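Residues per chain are reported as follows:
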Amino acid sequence: MVKVRRTRTAALLGASLVCASALTACGQAARANTINLYSAPEENLQHNVDRCNAAAAGKYNIVYHKLPRDADGQREQMVRRLAAGDTGMDLLYLDVTWTGEFAEANWVREWTGADKAEVERDTLPGPLETATWQGKLYAAPKNTNVQLLWYRKDLVAEPPRSWNEMISTAQRLKQEGKPHWITLTGAQFEGLYVHYNTLLESAGGRVIGEDGKTAVVDQGAVRGLEALRDLGNAGVTSPGMNNSEEDDARQEFETGQSAFELNWPFVYASMQEEKPELAAKVGWARLPGLDPNVPSKSTIGGANYAVSSYSTKPELSFEAAKCLRDKESQKFSAINDGVPPTIESPYSDPELQAEYPMHETILQALKDPGMRPVTPAAQNVSTVLSNMLSPIAEIDPQATAERMRREVQNALESKGVMP
């Protein structure tokens, strides 16, 4: 055993001496094709990284660096390094709301030519829009998401088609002494803004003009405020609703006290594992809109891949990004990490359909989605709106709309960039 250990040590030392010579040629060769991917923690993303590295056969080698778990922490780390011109990042994971900011700051490269054409092929229009700023493509849609209405089939025969019908049904169930809570994310954070954006988009409203630089806050936006206010005062939400984020809402629904939940598809897998007896009673549908005869526009989430403007290997980075978001990668991530694909073809795959029984509902919502405004000041706008919307029971629609016009305009005119 000792002899073997010494032999290995000698071999390693020999290799080190060779690499130390010739201007450290070994280390330079290793770095020359390394693509540093900075991405949110995703349990099975390394599988796609390994598959792409194997397919590249030495052309490039992706190294996965995990960003903080929360979106604010992810953005802060990347913004600080990009503002300093850091060349150590090649491929960036961007929340769908960050495209305008990163593009306007010239931190990410435009996708052009054959690379752009490949990304656009088979990609759903909504996710593609999240990767676009001022008519140019700055990222490749990696995964998308839409919220659905999860409802108790043992309590209601059909899912409510409108916001008011959902509230009145919950009130009736409450009078009957049955589970009746409407569970949603009411905490003062991005998740509350998402609910509001779905309502105003469903009403055909706008908070920000198409130029991404002017506050509008039209009558559709006021209708969205009225809907949130009505829910907050209906007596059908839990005592903890105003502090609830996505996983809090999931756990609340799993207690069995809710009739309805507005949340992302990840809740389905959790119910199957944690509360299978409850899962058997749960159905799903598109979110209720404001008009029973007009389908809602669920605000899409998700993430995109962008190539850093400071990368010294942009061509290889574009190649790596295309592999990491191709059909095979997106199908694997959908099945194993619960993030729906941005490209349409996987939705017809039998294996994905078996894991996603709600795939048709997700696809319908993705083909007619609600979009958060694309603006370089997206982070500021989200913070301002989340503050004004919480708690929802205290919303004064007209007064809040007037305040919103002023404060959103101020947010749009600020730099919107964290130093």
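For the structure, see preceding data.
Just so we're clear, the structure is a prediction, and the values are computed from it rather than from any experiment. (Residues numbered from 1 in each chain as written. Predicted model: local features only at pLDDT ≥ 70, side-chain atom pairs only at ≥ 80, totals over all residues. Heavy atoms only, no water.)

S.K.: What exactly am I supposed to notice about the overall build of the protein here?
M.R.: Across its full length, the protein carries 18 helices and eleven strands. Its C-alpha atoms give the protein a radius of gyration of 24 Å, within 12% of the compact-globule value 22 Å for 419 residues. When the backbone C-alpha atoms are referred to their principal axes, the protein occupies close to 80 × 50 × 40 Å. Counting contacts in the protein only where the partners sit at least 6 residues apart, residues at least 24 apart contribute 75% of the total. With the model as given, the accessible surface of the protein reaches about 18300 Å², and the carbon-plus-sulfur share is 49%. (Helix = DSSP H or I, 4+ residues; strand = E, 2+ residues; numbered from the N terminus. Rg over C-alpha atoms; globule rule 2.2 N^0.38 Å. Contact = heavy atoms within 4.5 Å. Areas by Shrake-Rupley, 256 points an atom, 1.4 Å probe, with all protein chains shown as cover.)

S.K.: Looking at this structure, how should I read unusual backbone geometry?
M.R.: Where the residue is not glycine, phi is negative for most of them; where a peptide bond is considered, it is trans in most cases. A cis geometry characterises the amide bond from Ser 390 onward to Pro 391, with omega recorded as -5°. Tracing the chain through its elements places Pro 391 in the loop between helix 17 (378-389) and helix 18 (397-413). Phi is positive for Gln 134, close to 50°, though the residue is something other than glycine. Structurally, Gln 134 can be placed in the loop between strand 4 (132-133) and strand 5 (136-137).

S.K.: Sorry, what's going on with the packing of helix 8 (residues 190-202) against helix 17 here?
M.R.: Each pair of packed helices gets described by two things: the angle between the helix axes and the distance between those axes. Following both chains from N to C, one finds helix 8 and helix 17 inclined at 85°, their axes separated by 8 Å at the closest point. What the angle tells us is that helix 8 and helix 17 run roughly perpendicular. Residue-level contacts link Glu 190, Leu 192, Tyr 193 and Tyr 196 of helix 8 to Val 381, Ser 382, Leu 385, Ser 386 and Leu 389 of helix 17. In the contact of helix 8 with helix 17, the residues fall into six nonpolar, two polar and one charged. (Axes fitted to C-alpha atoms, helices over the stretch in contact; angles between N-to-C directions. Parallel < 35°, antiparallel > 145°, perpendicular 65-115°, else oblique. Nonpolar A, V, L, I, M, F, W, Y, C, P; charged D, E, K, R; others polar.)

S.K.: Any chance you could explain the pairing of strand 3 (residues 91-95) here in plain terms?
M.R.: Looking down a regular strand, the side chains alternate between one sheet face and the other. Among the five residues that make up strand 3, four are buried, leaving the element largely enclosed by the rest of the structure. Here strand 1 (residues 34-39) pairs with strand 3 via two bridges, running parallel. Within strand 3, the position partnered with Leu 37 by the bridge is Leu 91. Pairing of strand 3 with strand 11 (residues 301-307) involves five bridges; the strand directions are antiparallel. When the sheet's bridge partners are listed, Tyr 93 is paired in strand 11 with Tyr 305. (Buried < 20%, exposed > 50% of the residue type's maximum accessible area, 1.4 Å probe, protein only. Pairing = 2+ DSSP bridges.)

S.K.: It is not clear to me how the nonpolar core should be interpreted in this structure. Could you clarify?
M.R.: Trp 163, Ile 182, Tyr 196, Val 207, Phe 260, Met 404 and Val 408 are the most contacted members of the largest nonpolar core, which totals 48 residues. Listed by contribution, the elements that provide at least two residues to this core are strand 7 (148-152), helix 7 (163-175), helix 8, helix 9 (219-232), strand 9 (258-263), helix 17 and helix 18. The leading source of residues in this core is helix 9, at six residues. The residues touching Val 207, leaving out its near neighbours within four places in the chain, are Tyr 196, Leu 200, Thr 214, Ala 215, Val 216, Val 217, Ala 221, Leu 385, Met 404 and Val 408. (Core = buried A, V, L, I, M, F, W, Y, C linked by side-chain atoms within 4.5 Å.)

S.K.: Help me understand the packing of aromatic side chains in this model?
M.R.: The geometry of an aromatic ring pair is captured by the separation of the ring centres together with the interplanar angle, meaning the angle of the planes. Scanning the model with the defined rule gives six aromatic pairs in all. Clustering of aromatic rings is evident, with ring pairs tying together Trp 98, Phe 102 and Trp 107. (Phe/Tyr/Trp six-rings, centres within 6.5 Å; stacked < 30°, edge-to-face > 60°.)

S.K.: How should I be thinking about the pattern of salt bridges in this particular structure?
M.R.: Two side chains with opposite charge may pair up if their charged atoms get near one another. Applying the stated criterion to the full structure yields 25 salt bridges. The shortest N-O distance in the salt bridge between Arg 81 and Asp 86 comes to 2.7 Å. Using a relative accessible area of 23% as the deciding quantity, one classes Asp 86 as partly exposed. Arg 250 serves as the salt-bridge partner of Asp 247, at 2.6 Å between the closest nitrogen and oxygen. With Asp 247 and Arg 250 both in helix 10 (residues 246-254) and three residues apart, the pair spans about one turn of that helix. Overall, the relative accessible area of 13% leaves Arg 250 in the buried class. Via salt bridges that share partners, Asp 115, Glu 118, Glu 319 and Lys 322 belong to a single interconnected network. (Salt bridge = Lys/Arg side-chain N within 4 Å of Asp/Glu carboxyl O.)

S.K.: Just to check I follow, could you spell out the state of the cysteines for this structure?
M.R.: The full count for this structure, using the stated rule, is one disulfide. Across a sulfur-sulfur distance of 2.1 Å, Cys 52 and Cys 323 are joined as a disulfide pair. On the S-S bond that ties Cys 52 to Cys 323, the torsion sits near -95°, and the link is left-handed. With a gap of 271 residues between them, Cys 52 in helix 2 (residues 45-56) and Cys 323 in helix 13 (residues 314-324) connect regions that are remote in the sequence. (Disulfide = S-S within 2.5 Å.)

S.K.: Please explain helix 10 as it appears in this structure.
M.R.: Structural remark: α-helix, 3.6 residues per turn; residues separated by three or four positions point the same way. Turning to helix 10, its buried residues number three or more, namely Ala 249, Arg 250, Glu 252, Phe 253 and Glu 254. Elements that come into contact with the buried residues of helix 10 comprise strand 7, strand 8 (181-183), strand 9, helix 11 (266-274), helix 12 (276-279) and strand 10 (282-285). Gly 256, located one to two residues past helix 10, shows a positive phi value of around 90°.

S.K.: Please explain the sheet that holds strand 10 as it appears in this structure.
M.R.: One key point about sheets: their strands pair by backbone hydrogen bonds, in either a parallel or an antiparallel sense. Taken in spatial order, the four strands of this open sheet run 8-9-7-10, and their pairing is mixed. Here the strands that pair on one side only, and so sit at the sheet edges, are strand 8 and strand 10. Averaged over all pairs of adjacent strands, the angle between their axes in this sheet comes to 20°, without regard to strand direction. Looking at chain direction, strand 7 and strand 10 are connected through four bridges and run antiparallel. The residue of strand 10 that forms the bridge with Leu 149 is Ala 285. Lying on the sheet, helix 10 is in contact with strand 7, strand 8, strand 9 and strand 10; it crosses strand 9 at an angle near 160°.

S.K.: It is not clear to me how helix 17 should be interpreted in this structure. Could you clarify?
M.R.: Across its twelve residues, helix 17 extends 16 Å between first and last C-alpha, which sits within 8% of the 16 Å expected from 1.5 Å per residue. Counting buried positions along helix 17 gives nine out of twelve residues, so the element sits mostly inside the fold. Inspection of helix 17 places Ala 378, Gln 379, Val 381, Ser 382, Val 384, Leu 385, Ser 386, Met 388 and Leu 389 among the buried residues, and these make up the whole buried set. As for helix 17, its buried residues are in contact with helix 3 (71-83), helix 8, helix 9 and helix 18. (Expected span 1.5 Å × (residues − 1).)

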